[in-house]
Amino acid sequence: MKADQLILYRFAKDGLAYGFSEILEMAQNEEIDKGLLIKEKKDAFFQYIQGLIETASAHGFYGNIWHCYLTYLLVSKENAYSLGCEIKEDSGGSVSEIAKRDFSIFMDLFAADFSVLENLFATDLSFIKHFEDKNTDGAVFNHRIRDCILDLCEALEHAQDVEQFQKEVALFYKHFGVGTIGLHKAFRLDEDGNIVPISKIPHIEFSDLIGYEDQKKRLYDNTKAFVTGKPSNNCLLYGDAGTGKSSSIKATVNTFYEDGLRMIEIYKHQFKYLNDVIRQIKNRNYKFIIYMDDLSFEEFEIEYKYLKAVIEGGLEKKPNNVLIYATSNRRHLIRESFADKKDMDDMHKNDTVQEKLSLYHRFGVTIYYGSPSKNEFMDIVLGLKDRVHLDVEEEELLLEANRWELKHGGYSGRAAQQFIDYLLGKE
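## Some thoughts on the overall build of the protein chain
Point 1. Counting its secondary structure elements, the protein chain contains 18 helices and seven strands.
Point 2. For the protein chain, buried positions account for 47% of its 427 residues.
Point 3. In the protein chain, of all internal contacts separated by at least 6 residues, the share reaching a separation of at least 24 is 78%.
Point 4. As displayed, the protein chain has an accessible area near 21,800 Å², and 48% of this comes from carbon and sulfur atoms.

## Describing the pattern of salt bridges
Point 1. With the rule as written, the count across this model stands at twelve salt bridges.
Point 2. Here K100 makes a salt bridge to E97, at a shortest N to O gap of 3.9 Å. Of this pair, K100 and E97 both sit in helix α5 (residues 94-110), separated by three residues, roughly a single helical turn.
Point 3. You can call K100 partly exposed: its relative accessible area is 22%.
Point 4. Here D221 makes a salt bridge to K217, at a shortest N to O gap of 2.7 Å. Residue D221 and its partner K217 are both found in helix α11 (residues 213-227); the two are separated by four residues, about one turn of the helix.
Point 5. In this structure, a network of salt bridges that share partners links the residues E78, E86 and R284.

## Here's the deal with a negative patch on the surface
Point 1. Side chains of D391, E393, E394, E395 and E396 sit close together on the surface and give a patch of like negative charge.
Point 2. Looking at where E395 falls in the secondary structure, it is placed in helix α17 (residues 394-407).

## Details of the packing of aromatic side chains
Point 1. Evaluated as defined, the whole model comprises 25 aromatic pairs.
Point 2. With 5.8 Å between their ring centres and 80 degrees between their planes, F11 and F106 make a pair best called edge-to-face. Highlighted residues: F11 in the segment before α1 (16-27) and F106 in helix α5, separated in sequence by 95 residues.
Point 3. F11 gets classed as buried once you look at its relative accessible area, which sits at 11%.
Point 4. With relative accessibility at 1%, the residue F106 sits in the buried group.
Point 5. Aromatic pair W404 and F419: ring centres 5.9 Å apart, planes at 50 degrees, arrangement tilted.

## A short note on the sheet that holds strand β6 (residues 322-328)
Point 1. On the basis of which strands lie adjacent, the open sheet formed by seven strands has the order β2-β1-β4-β5-β6-β3-β7 and mixed pairing. This sheet does not close on itself; its edge strands, each paired only once, are β2 (195-197) and β7 (365-369). Neighbouring strand axes in the sheet, compared pairwise and without regard to direction, differ in orientation by 25 degrees on average.
Point 2. In terms of strand pairing, strand β1 (residues 186-189) meets strand β4 (residues 261-265) through three bridges, oriented parallel. The residue of β4 that forms the bridge with F187 is I264.
Point 3. Relative to the sheet, α11 contacts β3 (235-239), β4, β5 (287-292), β6 and β7, its axis offset from that of β7 by approximately 150 degrees.

Rules and cut-offs
Residues numbered from 1 in each chain as written. Predicted model: local features only at pLDDT ≥ 70, side-chain atom pairs only at ≥ 80, totals over all residues. Heavy atoms only, no water. Helix = DSSP H or I, 4+ residues; strand = E, 2+ residues; numbered from the N terminus. Buried < 20%, exposed > 50% of the residue type's maximum accessible area, 1.4 Å probe, protein only. Contact = heavy atoms within 4.5 Å. Areas by Shrake-Rupley, 256 points an atom, 1.4 Å probe, with all protein chains shown as cover. Salt bridge = Lys/Arg side-chain N within 4 Å of Asp/Glu carboxyl O. Patch = residues over 30% accessible without salt bridge, like charges linked within 9 Å, V, L, I, M, F, W, Y side chains within 5 Å. Lys, Arg positive; Asp, Glu negative; His and termini not counted. Charge placed at Lys NZ, Arg CZ, Asp CG, Glu CD. Phe/Tyr/Trp six-rings, centres within 6.5 Å; stacked < 30°, edge-to-face > 60°. Pairing = 2+ DSSP bridges. Axes fitted to C-alpha atoms, helices over the stretch in contact; angles between N-to-C directions.

These figures come from the coordinates and say nothing about function on their own.
Spelled out as structure tokens, the structure:
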């Protein structure tokens, strides 16, 4: 074991991997007093075991969870080698050779003999190699990326030499990425403006939204052009509440995730962080949609000026791998007042109006989502009924849906979904 000699993939000295590998190395050293080792390291050893189990459960890992954990460290570490492979595969050179040296150490860690620790601490560690968890969902990754990590783990277990080991890791970086941004599909900003992953987002597809075929197609086509490197535009989805604007945008990241699309949700009070967010993502090998839900501004709010500068007009050009997608219940994002049109001459009135329209005009694609007609609303209800296999006569269902609509704010896809959820709750 030479974990302390890692260069690109160095472990934190207060972390599980470093501490556990240190105990493994000490246990295999014939010159160390084993009685003293047990006295000094017993508590730490069992804490590391606990940490290994907690990590496996949180990430949905199973099988050899020591190998899973080492693989997780490899796919999480952003460094000169992993970021380079993400963009253009392993191109050789000094960094590649240094990485190969680190990978040889990882191979030693993969080959760790736990029987030494079992004898030293008089405990059964067989569960480390054969870990099972009835709840394999995990709270950190979606199933797809978790399974990809497990597939990589298996490939590394069977690597015949360090060259094959390195090849498997490099291919993972190229296909799936590295680090927080590479391994998740959606993100938000914390209170300090840091990008943090959203581990669970609704898996909405375009087909889940009944109706609005033209609107969905326009959004799909623009997003497809974006992820394939063709000219594309910032999008504003505006219109009535509950019509599927937000769901449509969420469907884009689920549809195009495998093509390298990622989404970052930002609220308007966080717009001051926009330039810093773009700086962090502009050189990554992904396409990013910065998503702003329910976007609108009152007269006294000035955050829209940050957004205007980022979209178009600032000194620094918005990178080609970033688009802005927003939803709003109104077309004019900045509220106009009667004072804008009263008691001022035509020139100044026009200036004020143009200032408030300028943000809207920075969205090259604007898509209107209107409330469905009564017949369209009923079609949505019937479509949702069939999707969940609700056993209700059609005539009775439509009669109840009409009563529901009268009490719950009009026709909308949201009202239809709430009505179906209500019926399912009664079953």
